[in-house]
Amino acid sequence: MPPKLFGSDMHHGVRAVLLTAKVLGLDLETVDVNVYNKEYSDEELLKINPDYTIPTLQDGDFLSWDTHAILGYLVEKYGQDDILYPKDPESKHQVDQKLFFESDTLSPRIDGVIQEIVVENEKEIPAEKISAITESYKLLDGFLENKNFLIGDNLTVADLCCVASVSTATVITPISTEKYPNLSHWYRTCKNLDFYEETNGVGLNKLDALVELKLGRPRTKELCE
């Protein structure tokens, strides 16, 4: 049986797993869990993950419910090589550094805003929260100076994880091509991957539509196309 992934493709962590699985050529059984509905809970997920967080991966008797841990596990178990997640200490450190940036800086800034809009029905996004996200854009732009991908010329799980989050951030505030040229180039490169739309674009569009519905108005569309 294929590994089972619990989550909603509107969530950037779930999409990071879907992106990685696609690169690995791995089929996943997906179980949709609507974490944006307070009135709903999935009993199967609750039984295996008392934390009730997504993504959650079940692979036989193995369980994991941390996005980055899931990505590392999938590459180690199902990867044909270590290009996506290098074993070389220096390269691995660079990948981990960007993953930690995503989990410690980028993701909390995005998740807080999405939670306020989608779950708490806030109609306005505070300016300081938008500024925190654009500050993340600036940092990423610096990371990508003279690089095609986050750690060089090869696509890694750092790119897959960060593009899922960055694309979610564009639902909140667009990327200025003029201010963040390196980030814009990287984002376009990721969007042009032949598996991007299937694994990230579909869920992102659902989230976009939900945010527009909750705000009661069209959002400003992303600038870097």
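Residues numbered from 1 in each chain as written. Predicted model: local features only at pLDDT ≥ 70, side-chain atom pairs only at ≥ 80, totals over all residues. Heavy atoms only, no water.

1. Things to note about the pairing of strand β1 (residues 4-7)
Okay, so step 1: Residues Lys4 and Phe6 line one face of β1 and the alternating positions Leu5 and Gly7 line the opposite face, and both faces are buried.
Okay, so step 2: Across 4 bridges, β1 lies against strand β2 (residues 29-32) in parallel orientation. The residue of β2 that forms the bridge with leucine 5 is threonine 30.
Okay, so step 3: Of the pairings in the sheet, the one linking β1 to strand β3 (residues 56-59) comprises 3 bridges and is antiparallel in character. From the neighbouring strand, leucine 5 faces β3, where its bridge partner is leucine 57. (Buried < 20%, exposed > 50% of the residue type's maximum accessible area, 1.4 Å probe, protein only. Helix = DSSP H or I, 4+ residues; strand = E, 2+ residues; numbered from the N terminus. Pairing = 2+ DSSP bridges.)

2. What about the packing of aromatic side chains?
For any two aromatic rings, the description comes down to two numbers: the centre-to-centre distance and the angle of the planes.
Okay, so step 1: Under the counting rule described, the total for this entry stands at 3 aromatic pairs.
Okay, so step 2: Relative to tyrosine 73, the ring of phenylalanine 62 lies with its centre 4.0 Å away and its plane at 15°, an arrangement referred to as stacked. With phenylalanine 62 in strand β4 (residues 62-64) and tyrosine 73 in helix α3 (residues 67-78), this pair connects stretches of sequence that are 11 residues apart.
Okay, so step 3: On the basis of relative accessibility, which here comes to 17%, the residue tyrosine 73 falls in the buried class.
Okay, so step 4: The interplanar angle of 85° and the centroid separation of 5.1 Å between the aromatic rings of phenylalanine 101 and phenylalanine 143 together place this pair among those described as edge-to-face. Of the two residues, phenylalanine 101 sits in helix α4 (residues 89-119) while phenylalanine 143 sits in helix α5 (residues 127-143), which places them 42 residues apart along the sequence. (Phe/Tyr/Trp six-rings, centres within 6.5 Å; stacked < 30°, edge-to-face > 60°.)

3. Some remarks on the pattern of salt bridges
Okay, so step 1: Under the counting rule described, the total for this entry stands at 7 salt bridges.
Okay, so step 2: When the shortest N-O distance is used, the salt bridge between lysine 92 and aspartate 96 registers 2.9 Å. You can see lysine 92 and its partner aspartate 96 sitting in helix α4, 4 residues apart, about one turn around the helix.
Okay, so step 3: For lysine 92, a relative accessible area of 32% translates into the label partly exposed. (Salt bridge = Lys/Arg side-chain N within 4 Å of Asp/Glu carboxyl O.)

4. Quick look at α5
Okay, so step 1: Compared with an ideal rise of 1.5 Å per residue, which puts 17 residues at 24 Å, α5 spans 25 Å between its outermost C-alpha atoms and is within 8% of the ideal.
Okay, so step 2: For α5, the full list of buried residues reads Ala132, Ile133, Ser136, Tyr137, Leu140 and Asp141.
Okay, so step 3: If you follow the buried residues of α5, they end up packed against α4, α6 (157-172) and α7 (181-191). (Expected span 1.5 Å × (residues − 1). Contact = heavy atoms within 4.5 Å.)

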